[in-house]
Number of protein chains: 2
Amino acid sequence: MQKDYLYRGILCKMKEELLKTFGTQFEELLIDEITSVGRLIEVPAGETIMDIGNYVRAMPLLLSGAIKVLREDDEGDELLLYYLEQGDTCSVTMACCMGQTKSEIRAITETEAKIVMVPVPKMEEWMAKYKGWRNYVFESYHDRLNELLHTVDSIAFKNLDQRLVAYLKKKAQLTNDDCIQNTHQEIAYDLHTSRVVVSRLLKKLEKMKKLVLHRSHIQLIDL
Amino acid sequence: MQKDYLYRGILCKMKEELLKTFGTQFEELLIDEITSVGRLIEVPAGETIMDIGNYVRAMPLLLSGAIKVLREDDEGDELLLYYLEQGDTCSVTMACCMGQTKSEIRAITETEAKIVMVPVPKMEEWMAKYKGWRNYVFESYHDRLNELLHTVDSIAFKNLDQRLVAYLKKKAQLTNDDCIQNTHQEIAYDLHTSRVVVSRLLKKLEKMKKLVLHRSHIQLIDL
DNA sequence: ATAAGTTTGTGTCTTTTGTTACCGTAATTA
DNA sequence: TAATTACGGTAACAAAAGACACAAACTTAT
């Protein structure tokens, strides 16, 4: 009895969350289906929710928080590709589900995140059944492709100092905070460079009065 | 009378070509539909079939030949992203069709190419109707996403000499010819670097007996 | 309080890549 | 045939980024 009550409470909360994020683009019936087969999880920051080489059995719908998606080189060094935000899903993961192939990327929660996991067979079923779902899946692919294109732009066409500035701006926007809570080493990992180089460039930006450096955090002034 | 006969001949040829490339993955009914609404075009090498900023009204199915897909920076300099080959379609273009947005990329025929152009409204219709089409569209997105990931790898993790070797190998595979018919300047454009740098690296490879340089073409020996 | 670890600043050196300039030769055109 | 253009080789130099070494400042654990 008590348990059943609790369970219904969780479902209610989940439907509410789904409506908040997807209410305008998903059919009500679809939302109900997601509520009944999806699993709502709340993940703290810094958790790896998908890793390179893993097989994928479920597709994530991000209700809140941010997830960073990255790629790894032969030596195990990383490169940030892009962030997922509210309403996004991981297309690469999706593609892996469908194709039964291993994941090519790693996904780590950047902040605390609420995620609904949808089992793979359902996503195929809904594709034929709900236009809203079809459009969503396509738009996701579209968005991710475009984001990857801009990632390519930034690493192929921009210098490290420009990339660093863009990185800091994006981070501030994501966390809604002008104070970046990262060490130089962490930033270096994301940009796939060395700590020394990041420190050097940050110092240059500080001299240009664009930010103020502190231990383990950076106060943005005017980028 | 005469015209009608000719027309049927073209349709026959088109269906035959479609069967050759897509016979195993598309339903027969779908092939018929494509034959009746699609437009078969034969494009010589070097033609721009899609450009940055263009709106897209049709989706291309590549029956034969190769298409290079590239990105441009602020100064108008280019970077090769990947090649499309037989059976491929341009997902970025597709995404633009659906979303009614402008193209983010340029597509140029690398060799002579046979392409079937499918009007946008049909691709949506078929998505609900044919499982074969749905799978194809998804696989295309998947493949393109993965190719872009490997493009990112190569520009972020590899040195120019490694990228050059990979470029030459790919080109030889595409044209099925160990002799690369390009000037150093053309290669420099694709790799987004300068002619001098390409000449330098090619000379190094020649000294290592990996290839032989000639005017306007390069004979690969052992890469 | 001391020791150990973390974080950042800085100097020097090397490698990689980009830039400019100039020359010789091959190909094309007048 | 002469002039022009395209292509490639090379040297010299500059800029960007990476590698290494070490010190100073700050934090945490003992």
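What counts and what doesn't
Residues numbered from 1 in each chain as written. Chains lettered and ligands numbered in written order. Predicted model: local features only at pLDDT ≥ 70, side-chain atom pairs only at ≥ 80, totals over all residues. Near = placed C-beta within 6 Å. Helix = DSSP H or I, 4+ residues; strand = E, 2+ residues; numbered from the N terminus. Nonpolar A, V, L, I, M, F, W, Y, C, P; charged D, E, K, R; others polar. Contact = placed C-beta atoms within 7 Å. Domains from an automatic or database assignment. Core = buried A, V, L, I, M, F, W, Y, C linked by C-beta atoms within 7 Å. Buried ≥ 20, exposed ≤ 12 C-beta atoms within 10 Å, placed from the backbone. Least-squares fit on C-alpha atoms with pLDDT ≥ 70 in both. Pairing = 2+ DSSP bridges. Axes fitted to C-alpha atoms, helices over the stretch in contact; angles between N-to-C directions.

Side note on the protein's contact with DNA strand C
Neighbouring residues of DNA strand C: 20 residues in total, closest A:T183, A:H184, B:N159, B:L160 and B:T193. Elements with a contribution of two residues or more to the surface near DNA strand C: helix 7 (184-191) and helix 8 (195-207) of chain A together with helix 6 (160-175) and helix 8 (195-207) of chain B. Of all the elements, helix 8 of chain A adds the most residues to the surface near DNA strand C, at six residues. The class makeup of the residues in the surface near DNA strand C is six nonpolar, eight polar and six charged.

Considerations on the interface of chain A and chain B
The interface of chain A with chain B comprises 28 residues on the first partner and 28 residues on the second. For the side of chain A that touches chain B, the secondary-structure elements that each account for two or more residues are helix 3 (91-99), helix 4 (120-129) and helix 5 (131-157) of chain A. When residues in the side of chain A that touches chain B are grouped by element, the largest group, 16 residues, is from helix 5 of chain A. Here the residues of the side of chain A that touches chain B are counted per class, giving 15 nonpolar, six polar and seven charged.

Comments concerning the domain arrangement of chain A
Residues and elements named next belong to chain A. In terms of domain boundaries, chain A breaks down into domain 1 (38-157) and domain 2 (160-220). Spacing between the C-alpha centres of domain 1 and domain 2 amounts to 25 Å. Residue-level contacts link nine residues of domain 1 with seven residues of domain 2. With four residues, the top contributor of residues to the side of domain 1 that touches domain 2 is strand 5 (residues 78-84).

Details of the nonpolar core
Counting 70 residues, the largest nonpolar core has A:V116 and B:V116 as the members making the most contacts within it. When neighbours within four sequence positions are excluded, B:V116 is seen to be in contact with B:M14, B:L18, B:I34, B:G38, B:R39, B:L40, B:L61 and B:L63.

A short note on the relation of the copies chain A and chain B
Superposing chain A onto chain B takes a rotation of 180 degrees combined with a translation of 0.0 Å along the rotation axis, leaving an RMSD of 0.0 Å. Here the symmetry operator amounts to a two-fold rotation axis. Measuring from the rotation axis to each C-alpha of chain A, the shortest distance belongs to A:A128, at 2.7 Å. When the interface residues of chain A are mapped onto chain B, 100% of them again fall at the interface, so both copies present the same face.

Comments concerning the environment of B:M59
Residues and elements named next belong to chain B. Summarising the element assignment, M59 is placed in strand 3 (residues 58-64). With 23 C-beta atoms counted inside 10 Å, the residue M59 sits in the buried group. M59 sits 35 residues away from M94 along the chain, and the two C-alpha atoms are 6.0 Å apart. Residues in contact with M59, not counting those within four places in the same chain, are T89, T93, M94, C97, V118, V120 and M123.

A short note on the protein's contact with DNA strand D
Close to DNA strand D lie 19 residues; A:N159, A:L160, A:T193, B:T183 and B:H184 are nearest. Elements with a contribution of two residues or more to the surface near DNA strand D: helix 6 (160-175) and helix 8 of chain A together with helix 7 (184-191) and helix 8 of chain B. The dominant element in the surface near DNA strand D, judged by the number of residues it contributes, is helix 8 of chain B, at five residues. When grouped by side-chain class, the residues that make up the surface near DNA strand D number six nonpolar, eight polar and five charged.

Examining the sheet that holds strand 7 (residues 113-119) of chain A
Residues and elements named next belong to chain A. Within the open sheet, the three strands sit side by side as 1-7-3. Their pairing is antiparallel. A strand with exactly one partner marks an edge of an open sheet, and here the two such strands are strand 1 (39-43) and strand 3 (58-64). Each strand axis lies, on average, 30 degrees off the axis of its neighbour in the sheet, ignoring direction. One ladder, built from five bridges, connects strand 1 with strand 7; its direction is antiparallel. Bridging from a neighbouring strand, E42 pairs with K114 of strand 7. Contacting strand 3 and strand 7, helix 4 runs over the sheet at an angle of about 75 degrees to strand 7.

A few points about the pairing of strand 7 (residues 113-119) of chain B
Two strands pair when backbone bridges link them, and strand 3 of chain B and strand 7 of chain B are joined in this way by six bridges, in the antiparallel orientation. Across the sheet, the residue bridging to B:L61 is B:V116, located in strand 7 of chain B.

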